[in-house]
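Listed below are the residues making up each chain.
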Amino acid sequence: MPLKSTRQAINEALAQEMRRDPRVIVIGEDVSGGAGTDGQRDAYGGVLGVTKGLIGEFGDRRIIDTPITESAIIGAAAGAAVTGLRPVAELMFCDFLGVCFDQLLNQVAKFRYMFGGKVKTPLVVRTMIGAGRGAAAQHSQSLYQLFTAVPGLKVVVPSNAYDAKGLLIQAIRDDDPVIFCEHKLIYDLKSEVPDEAYRIAFGEANIVRDGDDVTVIALARMVQFAEAAATTLASEGIECEIIDPRTTSPLDVDTIIESVERTGRLVIVDESTPRCGVAADISAIVVEQAFGALKAPIRRVTAPHTPVPFSPNLEKLYIPDAGRIADAVRQTHVFRR
Amino acid sequence: MTNGLTAITMPQWGLTMTEGKVVGWLKKSEQPLAAGEELLEIETTKITNVMEAPVGGTLKRIVAEAGATLPVGALLAVIGPAEVSQADVESFVRDYRVVEPQNEVGSTQTEAATRDVEADGRRLRVLEAGEGGIPVVLVHGFGADLGSWMFIQPHLARGRRTVALDLPGHGGSTKEVGSGNRAAMTAALAGALEALGIDRAHLVGHSLGGAIAASLAIERPASVATLTLIASAGLGPDINRSFIEGFVRAERRKDVADLLGLLIHDPGSVSRRMVEDVLRYKRLDGVPEALAAIAESWFSNGKQSVDLGAAIVDLEIPIQVIWGEHDRIIPSDHAKSLRSASVRILAEAGHMPHMERANEVSQLIEQAISRA
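What counts and what doesn't
Residues numbered from 1 in each chain as written. Chains lettered and ligands numbered in written order. Predicted model: local features only at pLDDT ≥ 70, side-chain atom pairs only at ≥ 80, totals over all residues. Heavy atoms only, no water. pLDDT = per-residue confidence, 0-100. Contact = heavy atoms within 4.5 Å. Helix = DSSP H or I, 4+ residues; strand = E, 2+ residues; numbered from the N terminus. Expected span 1.5 Å × (residues − 1). Buried < 20%, exposed > 50% of the residue type's maximum accessible area, 1.4 Å probe, protein only. Arc of directions from axis to C-beta. Domains from an automatic or database assignment. Buried area = accessible area lost by both parts, 1.4 Å probe. Polar contact = N/O pair within 3.5 Å; in protein donor to acceptor, adjacent residues only side chain to side chain. Nonpolar A, V, L, I, M, F, W, Y, C, P; charged D, E, K, R; others polar.

Draft legend 1. Layout of the confidence of the model for chain B. Residues and elements named next belong to chain B. Here chain B averages 90 in pLDDT, while 95% of its residues score no lower than 70. Across residues 101–112, where pLDDT falls below 50, the model places 27 contacts with residues more than four positions away in sequence or in other chains. Model confidence for the complex: the whole-complex pTM is 0.86, and ipTM, which rates the interface, is 0.90.

Draft legend 2. Main features of helix α8 (residues 222–235) of chain A. Residues and elements named next belong to chain A. Compared with the 20 Å implied by 1.5 Å per residue over 14 residues, the 20 Å span of α8 between its first and last C-alpha is a close match. What α8 keeps buried is the set Met222, Val223, Phe225, Ala226, Ala229, Ala230 and Leu233. All buried residues of α8 project into a common sector of 155 degrees when viewed along the axis, lining one side. For α8, the exposed residues set more than 90 degrees away from the buried face come down to Thr231 and Ser235. Where α8 is buried, its residues contact β9 (206–209), β10 (214–218), β11 (240–244), β13 (266–270) and α12 (322–334). In the stretch just after α8, glycine 237 is the one whose phi turns positive, near 90 degrees.

Draft legend 3. Main features of the domain arrangement of chain B. Residues and elements named next belong to chain B. We note that the domain assignment places domain 1 (6–95) and domain 2 (114–371) within chain B. The C-alpha centroid of domain 2 is placed 31 Å from the C-alpha centroid of domain 1. With twelve residues of domain 1 in contact, the opposing surface of domain 2 contributes 16 residues. Summed over both sides, the interface between domain 1 and domain 2 buries roughly 1,300 Å², with carbon and sulfur atoms accounting for 60% of that surface. On the surface where domain 1 and domain 2 come into contact, there are two residue pairs in polar contact (both at pLDDT 80 or more). Counting residues per element, the side of domain 1 that touches domain 2 draws most heavily on strand β5 (residues 48–52), which supplies three residues. Taken together, the residues of the side of domain 1 that touches domain 2 break down into four nonpolar, five polar and three charged.

Below is the structure:
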């Protein structure tokens, strides 16, 4: 099976869905350019080249460049969705959500509920998350916890190319609004990706690695760090079970609880900040539903409660890494009441 | 080979195997053994299988202890004449260098070895191994793919051409199956043989694939040298309705794991990778529709609608029927409808004897072929 990068996988998912369904459109800042165009259109194909080449095949009626105004992008896409198109809007960096949050929080997320199920909102918002590129405090956050907190939004946080393609196709075919969070530093990560289209159901976690000693839940880029930590720990005789939830809303609680009931020990790795985050949320759910199974306190490995630093040295310290994950697992593993 | 010593190495079973785990040794050090005797158990990401001694002699040295996980090609043991000294064995082990899998027997099972053929207007994926003789053609069952022959094909490929194919709607083949009925599937198999330049073959089919192979034998008896039917469909009315309907529907890991547990005698040996592979297949566009169409044509309302028993009995082709005693998908009683066939019921096997009891099934196929 061919190896493809996450960037290729997402591009392929968009192209295949646009071929399959003429209602699918792409709308956002600088989404048009790149291969297949000339002159002034020769932009990047998105700031990191993910939509490159689409305008050549689908034209400017379906690949729509917008002015720099997130409220207009999301507002236009929301209107298009409720009137019969299936827009894939691009909110370049998730950090910009403040500009358009009313559209998501009070409009898109509420339509189906407030219109008694008579309205569908098949909108996908693709947005970049994550630190590690030296992009500073306003372009590096991982804010999926804010979307996850809103009933009516589905939230996808893929960790690899295979999942990204299948989850994005599911997002586009889904009749509800989906926030699709792409970590900037997994775009070049490769995995086996079928050429054919496929869907991965929401709310189904991936078990990345089997183990009986400690459950490690990790999201997005943190999955590869958790795998590196697990390899180190296996040589010390500690077997981690790594769970990648893939979607934070809906969340596959069953898989998490089943695993914790077996291991009794849980470490949650989340690149976002610790207060009111996904790690805190999962921790609360596990304490409510599997308290009796826990043999040690749950540990969270997250960023600190600070803005993302611009200084490269501080940014490196800010992001959870394999060493910190391994330390947390060791502490959890040796804990005895 | 030095002093008649033979290296026993981690085999490559199937397209995706890169390493295996030594579960345990079935022979002791310095124990004499004959070629073909069971030597050790190896756990793959799919299922555990027994490896046989490729040569006779004395088990001079066990290099890989139980519990070790090693890459394909790694040295597991040394077999040789009883009189070879321990010093010679020692230097053989020391000097042993891992042979790249593609240079080994049966190693044509790599990704590159699959190719596509055009059959009856559909693109089918095939995996070929070995050369010579009347080819053996392996036809998998409902929802499976050519990987289900991973243990059998390398064995049969010694000195013989073998072809495993993905049926329409399955594996790497076109997912569009039309009605998926007997005529369509038989035409696809016939088309594949034609595209491969095979005018006569030993056909081996499992479950749905058995019925398709039998159907081809009925329509074109001259093109079939022998017919081996493993837990075959098409021989009676019964089939596990909840398995078929559940398999068509299943989208979640737990559902798939439970269903795969029904296929084999020891459900505990269903691995996460096995479940993941089925999920990855079932997620592909067109697969649920293909499976639903095939299920509707062959197994609607929990009954098999294709009965080939009477027509097969009249064939003058040698027929062998193999079944697992504990088959929970199609009852082994169905073997009784073929009075003219040689019937083997294997103990401690479910619906997948070619995976659960691969060595025995390989030998039975070998025997059937050599008798013909």
